[in-house]
Amino acid sequence: MTTSPAATAPRSLRERLAGDTMLRNSIAIMATTVVTSVLGYAFWLVVARTSSPEVSGAGAAATSALQAAALFAAVGAAAAMVEWLPRSASTAQWRTRLTVGVAVAVVGGVVGGLFVVVLLGHLLGTLPALTTPVGAVLFCLGTVFFAVGTVYDYAAVAERHGVMMLGRNALFTGLRLPLVVVPWLLPGTGDQILTAWAAGAGLSLLLALVGFRRSTHGRHLRPSTAGFGDALRQMRTSLLGQHLITVAAMMGAYLLPILVVARVSAEANAYFYATWMLGSVFFMVSPAVSTSLFAEAAGSPRAAAAAATRSLKIIGALLVVPVVVYLLGGGLLLSLFGQDYPGQGRLLLVLLTLSAIPDALTNIAVAVLRATERMRAALWLNSAMLLAALIGSWLLLPSLGIVAVGWSWLGAQTIGALWTVVCWRRITAA
């Protein structure tokens, strides 16, 4: 009997997934982004429907600060795991390198958490929830848990088991939904949003501790200090350029909500944060494709120009439908958060939607520059756009409200894209 192509296609895909670790990791990383985004929307929908805009906005600003502190604490160590762990000559060396990564994340998380508590809680008064002992402890614990979880995620990716990353993040974001009601049932446990984040992040680490050994053929996460000093000296300089480039690319999403609270109000930030979350779908597509381009161009620099052009076509195909949906039905999507959200965030959502086009160009440019070891140019591009968006938002927020962030973000991305177009041949030259 002859088997039809339709019948063999599913088995062919399964076989490809079984034999292609890069494809499995890529799918797991993309799925992690989708799952965490969907569950994140659900979490903030629950908060928006059960809390006042002031509580929702203040909580969004606090968790944005938490993620920013954890990013600074862990992004270098996490990226180093991808470089170091596969090169380990023994299980003992593997454990030592992972221990260094976790230790750096813990120390960085504690220092970063305390810095934010002192600066934004006590000195500037931007986040009043952090001035209480409970709020400060929850914030610091959440920062440490988030940072350590990031290192474990990248260790799983390094071991070609991105499914662990998917599972841990799904558990973390899923647990926040029931945990957000605990402070209402148990008075005195502190801010409900910070409680949900800190507890969810901590409990999700248990999955990594229990499941890591099974998913990585016997390697476990028990610390090892043998050769710790040598490994730490390696980490001090390794991937510094990549670390700074990544920080510059990601910090805007975490700092902008804090600017909105500082320059306008916590209530305004509730409307801004909901709109930004909806618009963030555009900031997932081009970075994901750009990451694939980075890997391909790094392996074959002479093919960078063709790969970059192909990546732009892929991004365009993936963005066309959500762009049309958002431009036509953005107000309806915002209404899911509450009746006041469309009026407050509709124009901002349009501006974020339009910024997806220049954002794609700049992400492609940064990926090619990183792959061809032109770190300084990539860092300059990301840093310039970040500073332009932050400074523009700071200056315009008091007069324009949250739409100022949209104009500033679109302007910064457009300037970066214009530079990319002018320098395209030089950027894609091997």
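Structural notes, computed from the coordinates. Treat the numbers as computed from the prediction; the structure is a model and nothing was measured.

Attention now goes to the overall build of the protein chain. When you go through the protein chain residue by residue, the secondary structure sums to 18 helices and zero strands. Classification of the 430 residues of the protein chain by burial places 50% in the buried group. Long-range contacts, defined as pairs at least 24 residues apart, comprise 77% of the intrachain contacts of the protein chain with a sequence gap of at least 6. For the protein chain, the computed accessible surface area is about 19,600 Å², with 68% contributed by carbon and sulfur atoms.

The next thing to look at is the packing of aromatic side chains. Throughout the structure, instances matching the rule amount to ten aromatic pairs. Summarising the aromatic geometry, the rings of Trp276 and Trp409 are spaced 5.2 Å apart at their centres and angled 85° between planes, so their arrangement reads as edge-to-face. Taken as a pair, Trp276 in helix α11 (residues 266–279) and Trp409 in helix α17 (residues 403–422) lie far apart in primary sequence, 133 residues in all. Trp409 matches Trp276 in its accessibility class, with the two residues each being buried. Between Trp380 and Trp419 the ring centres are 5.4 Å apart and the planes differ by 55°, which places this aromatic pair in the tilted class. Residue Trp380 is found in helix α16 (residues 375–400), and its partner Trp419 is found in helix α17; the two are separated by 39 residues along the sequence. For Trp380, a relative accessible area of 48% puts it in the partly exposed group. Its relative accessible area of 24% is what places Trp419 among the partly exposed residues. Ring-pair connections join several aromatic residues into one group, and the members of that group are Phe43, Trp44 and Tyr273.

With that settled, consider the environment of Leu127. Summarising the element assignment, Leu127 is placed in the loop between α4 (91–123) and α5 (133–158). Of the residues examined, Leu127 reaches a relative accessible area of 4% and is grouped as buried. Along the backbone, Leu127 and Val261 are 134 residues apart, and their C-alpha atoms lie at a distance of 8.5 Å. If sequence neighbours within four positions are ignored, Leu127 has contacts with Ala58, Ala61, Ala62, Ala65, Leu120 and Gly121.

Attention now goes to the pattern of salt bridges. When charged atoms on two side chains of opposite charge get close, those side chains can pair. With the rule as written, the count across this model stands at one salt bridge. When the shortest N-O distance is used, the salt bridge between Asp153 and Arg168 registers 2.8 Å. Here the residue Asp153 occupies a position in helix α5, and Arg168 occupies one in helix α6 (residues 162–179), the gap between them amounting to 15 residues. Here Asp153 matches Arg168 in class, with each residue buried.

This part is about the nonpolar core. Counting residues in hydrophobic clusters, the biggest one holds 113 residues, and the most contacted among them are Trp44 and Leu98. In terms of residue count, the dominant contributor to this core is helix α3 (residues 53–84) (16 residues). Beyond its immediate chain neighbours, meaning those up to four positions away, Trp44 contacts Ser56, Gly59, Ala60, Thr63, Ile193, Trp197, Tyr273, Met277 and Phe337.

Right, let's talk about the environment of Thr126 for a bit. Assignment of secondary structure puts Thr126 in the loop between α4 and α5. Look at Thr126 and you get buried, because its relative accessible area is 14%. In this structure, the C-alpha to C-alpha distance between Thr126 and Ala262, residues 136 residues apart in sequence, is 5.8 Å.

Turning our eyes to something else, we now look at a nonpolar patch on the surface. A contiguous nonpolar surface patch, about 790 Å² in accessible area, is contributed by Leu347, Leu387, Ile391, Trp394, Leu395, Leu396, Leu400 and Trp407. For the nonpolar patch, the element with the highest residue contribution is α16, accounting for six residues. Turning to its location among the elements, Leu396 is positioned in helix α16. Its relative accessible area of 32% is what places Leu396 among the partly exposed residues.

Closest axis-to-axis distance for the helix α13 (residues 304–334)/helix α15 (residues 356–371) pair is 10 Å, and the angle between their directions is 150°. Taken together, the axis directions place α13 and α15 in an arrangement best described as roughly antiparallel. Crossing hand, α13 versus α15: right-handed. Contacts between α13 and α15 involve Ala304, Ala308, Ser311, Leu312, Ile315 and Leu319 from the former and Ala356, Ala360, Leu361, Ile364 and Val368 from the latter. Tallied by class, the residues present in the contact of α13 with α15 amount to ten nonpolar, one polar and no charged.

Take α13 next. End to end, α13 covers just 39 Å across 31 residues, shorter than the expected 45 Å (1.5 Å per residue, more than 12% under). For α13, every residue scored as buried is listed here: Ala304, Ala307, Ala308, Ser311, Ile315, Leu319, Pro322, Val323, Tyr326, Gly330, Gly331 and Leu334.

A word on α5. Between its first and last C-alpha, α5 extends 38 Å over 26 residues, near the 38 Å set by a 1.5 Å rise per residue. The buried count for α5 comes to 20 of 26 residues, which makes it a mostly enclosed element. Directly after α5, the chain includes Arg160, whose backbone phi takes a positive value near 60°.

In contact at an axis separation of 7 Å, α16 and α17 are set at 155° when each is read in the N-to-C sense. Classified by the interaxial angle, the pair formed by α16 and α17 is roughly antiparallel. Here the hand of the crossing between α16 and α17 comes out right-handed. Residues Trp380, Leu381, Met385, Ala388, Ala389, Gly392, Ser393, Leu396, Leu397 and Leu400 of α16 touch α17, and the partners they reach there are Val403, Ala404, Val405, Trp407, Ser408, Trp409, Ala412, Gln413, Gly416, Trp419 and Thr420. Residue composition of the contact of α16 with α17, by class: 15 nonpolar, six polar and no charged.

For Ser224, the location among the structural elements is in the loop between α8 (192–215) and α9 (228–237). Its relative accessible area of 10% is what places Ser224 among the buried residues. A distance of 3.4 Å separates a polar atom in the side chain of Ser224 from a polar atom in the side chain of Thr96. Once residues lying within four places of it in the same chain are set aside, the contact partners of Ser224 are Ala92, Arg95, Thr96 and Thr99.

Reading guide: rules and limits
- Residues numbered from 1 in each chain as written.
- Predicted model: local features only at pLDDT ≥ 70, side-chain atom pairs only at ≥ 80, totals over all residues.
- Heavy atoms only, no water.
- Helix = DSSP H or I, 4+ residues; strand = E, 2+ residues; numbered from the N terminus.
- Buried < 20%, exposed > 50% of the residue type's maximum accessible area, 1.4 Å probe, protein only.
- Contact = heavy atoms within 4.5 Å.
- Areas by Shrake-Rupley, 256 points an atom, 1.4 Å probe, with all protein chains shown as cover.
- Phe/Tyr/Trp six-rings, centres within 6.5 Å; stacked < 30°, edge-to-face > 60°.
- Salt bridge = Lys/Arg side-chain N within 4 Å of Asp/Glu carboxyl O.
- Core = buried A, V, L, I, M, F, W, Y, C linked by side-chain atoms within 4.5 Å.
- Patch = residues over 30% accessible without salt bridge, like charges linked within 9 Å, V, L, I, M, F, W, Y side chains within 5 Å.
- Axes fitted to C-alpha atoms, helices over the stretch in contact; angles between N-to-C directions.
- Parallel < 35°, antiparallel > 145°, perpendicular 65-115°, else oblique.
- Left-handed = near helix turned anticlockwise from the far one by under 90°.
- Nonpolar A, V, L, I, M, F, W, Y, C, P; charged D, E, K, R; others polar.
- Expected span 1.5 Å × (residues − 1).
- Polar contact = N/O pair within 3.5 Å; in protein donor to acceptor, adjacent residues only side chain to side chain.

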